[in-house]
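The primary structure of each chain is shown beneath.
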Amino acid sequence: MDAADSTATLQAALDVAVSSRQTFTLGAGGYRLSSTGLGYNSNATIVMVGDLYNDHGPAVGTQYCLTNRTSGRLVNVTIRGSGGAFVGSTSSATGVTRKGLGIVKTDGFTVIGVRTSGPLTGFGMEIKNSTGGYLSGLILNAGANIAGADGLHFFGACTKITGSTISISSGDDALSFTSENSESTNALMEKITLTGLTLNSAAFSCIKFYTSTTTGKATIRDISLTNIVGKITQGPTGCPLMMQNNGVAQGCVIDSVTITNADLDFGVATQDGPTAYLTDCTNIVLKNVKLRGRRNGQFLRAIRCIGLTVTGEAWETIPGNTLDDLVQLEQCGNYNIDLIVRSASGAKIGTVKTSNTGTDTKARYIAMTPA
């Protein structure tokens, strides 16, 4: 890694390439960004052969290695990995957030073969207020086991994005969809389809959906995720699947999410709690899922969820438990739960089946019917 700051030299070369509609190739080696991150513009094509090393902090504005650094919307941006990576500094001061690639306010983008490498203390890759994107072959290693070190983070008004073959090892949430502050007020996130996902989080969530109390009537809907393997790798906290609509009081919505063929593991070092935890969501389908390692909590806990379908398997890991609270449903309605319960060895030990076409006014604790 070069000791000198390469920011100005690289930015000048990138600007020249973009203005002449030529590809900008980051050459082999490591390039330190100590002043600020690089900024792409409309019609940019960037090939990452070398590494970009994020060594700058909040005092200079953006914390990404590369992003849209203009105040306007951009179009037609392509970023291809060719061996290089977005890398975080090992010497970041307390409170400094270092991120990898930011796709921000960009319409029509393609990201293929991109890599990130820790210890990034912020998002490995963030897609923020952007539309019409294609992702493929991403390898996102976020690094630090701290809050905020997400792998792939969708934020705010993101629509019409597809992706496949994405591998993530993150400190915080591996894959997240959020509207969580004033930057995403009344945002609509919809029509995102991803398949072929490896999602490992050190201690938080493999998949997270979230709205906050400060986002107006933000909506997250029409999200489809298929062919997923995810695990909490370290602990002590963690929840493989979390959907938290904390902004429901002001009209936030998490609706029409389908997760198919997912194997989600609570991990061996995590505290008590559910493998899947959902609050105030509607029309959620978990189809052919494996929920593993419930500790002494539930495989599934849902609160005020209307329209919930869950099919697949729940893998018990603590022999001798009473198995009388495998699914907990609180004030939920129009649900259909159908799970085979297996021991840690894979042997079938029973089933959990429950359904309701109305709306419960109380919490229900669902036990197992022995095989």
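In what follows, the structure referred to is the one given above.
Going along each chain's sequence as written, the residues are numbered from 1 onward. The model is predicted, so local features are restricted to residues of pLDDT at least 70 and side-chain atom pairs to those at 80 or more, both for listing and for counting; the totals for chains, interfaces and linings are taken over all residues. Heavy atoms throughout the structure, all of them, feed into the side-chain values; hydrogens and water do not.

**Digging into the pattern of salt bridges**
- Salt bridge criterion: a side-chain nitrogen from Lys or Arg within 4 Å of a carboxyl oxygen from Asp or Glu. Counted under the stated rule, the structure contains eleven salt bridges.
- Salt-bridge contacts for Asp 280 lead to Arg 304; the nearest nitrogen and oxygen are separated by 2.8 Å. Of this pair, Asp 280 sits in the loop between strand S22 (276-279) and strand S23 (282-292) while Arg 304 is found in the loop between strand S24 (300-303) and strand S25 (306-315), placing the two residues 24 residues apart along the sequence.
- The exposure class assigned to Arg 304 is partly exposed, which follows from its relative accessible area of 42%. Helical segments are the DSSP runs of H or I of at least four residues, strand segments are the runs of E of at least two, and each set is numbered from the N terminus. Between buried and exposed lies partly exposed: a residue is buried under 20% and exposed over 50% of the maximum accessible area for its type, with that area taken using a 1.4 Å probe on protein chains only.

**Examining unusual backbone geometry**
- Even without being glycine, Asn 288 reaches a positive phi, approximately 55°.
- Structurally, the position occupied by Asn 288 is in strand S23.
- Relative accessible area serves as the criterion here: at 44%, Asn 288 is assigned to the partly exposed category.
- Of note in the backbone geometry, Gln 331 takes a positive phi value of approximately 50° without being a glycine.
- Its place among the elements puts Gln 331 in the loop between strand S26 (327-330) and strand S27 (333-342).

**Here's the deal with the packing of aromatic side chains**
- By convention, a stacked pair of Phe, Tyr or Trp rings (six-membered ring in the case of Trp) has centres within 6.5 Å and planes under 30 degrees apart, an edge-to-face pair has planes over 60 apart, and any other such pair is tilted. As enumerated under the stated definition, the model contains two aromatic pairs in all.
- Each ring, one from Phe 154 and one from Phe 177, has its centre 5.1 Å from the other, and the planes form 10°; the classification is stacked. Placement of Phe 154 in strand S14 (residues 152-155) and of Phe 177 in strand S16 (residues 175-179) is noted, with a sequence separation of 23 residues between them.
- Assessed through its relative accessible area of 0%, Phe 154 is described here as buried.
- Here Phe 177 falls in the buried class, since its relative accessible area comes to 0%.
- Ring centres of Phe 177 and Phe 209 lie 4.7 Å apart, and the angle between their planes is 15°; this geometry places the pair in the stacked category. Placement of the pair is Phe 177 in strand S16 and Phe 209 in strand S18 (residues 207-211), with a sequence separation of 32 residues. Phe 209 shares its class with Phe 177; the two are buried.

**Considerations on helix H1 (residues 7-19)**
- Under the 1.5 Å per step criterion, the end-to-end length of H1 is 18 Å for 13 residues, consistent within 8% with the ideal 18 Å.
- Following H1 by one or two positions, Arg 21 adopts a phi angle in the positive range, close to 60°. One fewer than the residue count of a helix, multiplied by 1.5 Å, yields its expected span.

**Examining the environment of Ile 259**
- Relative to the helices and strands, Ile 259 is located in strand S21 (residues 253-265).
- Overall, Ile 259 belongs to the buried group, its relative accessible area being 1%.
- A sequence separation of 26 residues divides Ile 259 from Val 285, and the C-alpha atoms of the two residues are 6.3 Å apart.
- Should any heavy atoms of two residues lie within 4.5 Å, those residues are considered in contact. Non-local contacts of Ile 259, meaning those with residues more than four positions away in its chain, are made with Ile 207, Leu 225, Ile 228, Leu 241, Met 243, Val 285, Leu 286, Lys 287 and Val 289.

**A few points about the pairing of S16**
- With respect to burial, S16 is a largely interior element, five of its five residues being buried.
- The two faces of S16 match: Leu 175, Phe 177 and Ser 179 on one face and Ser 176 and Thr 178 on the other face are all buried.
- Strands are labelled as partners when DSSP assigns at least two bridges between them. Relative to S16, S14 runs parallel, the two sharing four bridges. What sits directly across from Phe 154, in S16, is Phe 177.
- Where S16 meets S18, five bridges bridge the pair, whose relative direction is parallel. Opposite Phe 177, over in S18, you have Phe 209 as the bridge partner.

That's the geometry; what it means functionally is another story.
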